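# Descriptive structure summary
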Amino acid sequence: AVDRDLNLANSTLTNCTITTSAAVTTTGTVSMTGTAVNIPSPYGGGIQRLTTDAVLLIADTTSLVDFGHVASGTSRVITMPAATAGRHLKILWSVAQSAGDRVLTAAGSDDFTGTIFTKVTGDVVGDGDLVSVTDGTVAITFVDDVLIGSEINCYCAVAGAWIISGTLALDAVGNVPTLA
């Protein structure tokens, strides 16, 4: 075992494995090809930012989905990755969903259960609907007029089942999510 600093200026490493019990510090540009395993990030995984009005297949490595575009009047299917025990995923609206629906769909035979709290803008009483997502739900439709800052958290404690929780800020009471 070697215990020292490793300085590689203008070098290429081929078929190598580097194991360390300490933090790794790099300067300059680091590029990798092939498969990288166990590389920590500050978010625990990747970020997928949807910037066009399109369907989306959420990647297995994604931990944050950002709806960062103005939706058209068309419904778009957003397909979850497989529900693997220990997995967590956050869905965030950074742009208001003012037109069109987003249909969050479970992969394969997976399903959803949980609760979504909705708040209506301008409702000084603070009233909102509590949407109970019952076991066996395979699709959740987020109806248009979901406001910036709304978020849904998806947790998987048991393979095949996503537990949903979150808060949606909406323009109107009639815009609560629908379930299938």
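Here we summarise the structure given alongside this text. (Residues numbered from 1 in each chain as written. Predicted model: local features only at pLDDT ≥ 70, side-chain atom pairs only at ≥ 80, totals over all residues. Heavy atoms only, no water.)

## Quick look at unusual backbone geometry
A positive phi angle, near 80°, is found at Asp145, a position not held by glycine. You can see Asp145 is positioned in the loop between β9 (139-142) and β10 (151-158). (Helix = DSSP H or I, 4+ residues; strand = E, 2+ residues; numbered from the N terminus.)

## Considering the environment of Ile140
By secondary structure assignment, the location of Ile140 is in strand β9. Note on Ile140: relative accessible area 0%, which makes it buried. Sequence separation between Ile140 and Val77 is 63 residues, and the spatial gap between their C-alpha atoms is 9.9 Å. Residues within four places of Ile140 in sequence aside, it is in contact with Arg102, Val103, Leu104, Phe112, Ile116, Val133, Ile164, Pro177, Thr178 and Leu179. (Buried < 20%, exposed > 50% of the residue type's maximum accessible area, 1.4 Å probe, protein only. Contact = heavy atoms within 4.5 Å.)

## Digging into the environment of Ala169
Assignment of secondary structure puts Ala169 in strand β11 (residues 161-170). Expressed as a C-alpha distance, the spacing of Ala169 and Val146, which sit 23 residues apart in the sequence, is 5.9 Å. Apart from the residues within four sequence positions on either side, Ala169 is in contact with Lys119, Asp145, Val146, Leu147 and Ser150.

## Looking at the sheet that holds strand β7 (residues 111-120)
With mixed pairing, the seven strands of this open sheet are ordered in space as β1-β3-β5-β10-β11-β7-β8. Only two strands of the sheet have a single partner each, and these edge strands are β1 (46-50) and β8 (130-137). Between one strand axis and the next, the sheet turns through 15° on average, direction left out of account. Pairing of strand β5 (residues 88-93) with β10, which is carried by five bridges, proceeds in the antiparallel orientation. Residue Leu89 lies in a different strand from β10, and its bridge partner there is Cys154. (Pairing = 2+ DSSP bridges. Axes fitted to C-alpha atoms, helices over the stretch in contact; angles between N-to-C directions.)

## Concerning the pairing of strand β3 (residues 62-67)
With six of six residues buried, β3 lies mostly within the body of the structure. Pairing of β1 with β3, which is carried by five bridges, proceeds in the parallel orientation. Along β3, the bridge assignment pairs Gln48 with Val65. Two strands pair when backbone bridges link them, and β3 and β5 are joined in this way by four bridges, in the parallel orientation. By the bridge assignment, Val65 is partnered in β5 with Ile91.

## Considerations on the pairing of β9
Of the two faces of β9, the one lined by Ala139 and Thr141 and the one lined by Ile140 and Phe142 are each fully buried. Bridge analysis of strand β6 (residues 102-105) against β9 gives four bridges, and the strand direction is antiparallel. Bridge pairing in β9 places Leu104 opposite Ile140. Bridge count for β9 against strand β12 (residues 178-179) is two bridges, and the pairing is antiparallel. Looking at β12, one finds that Thr141 is bridged to Thr178.

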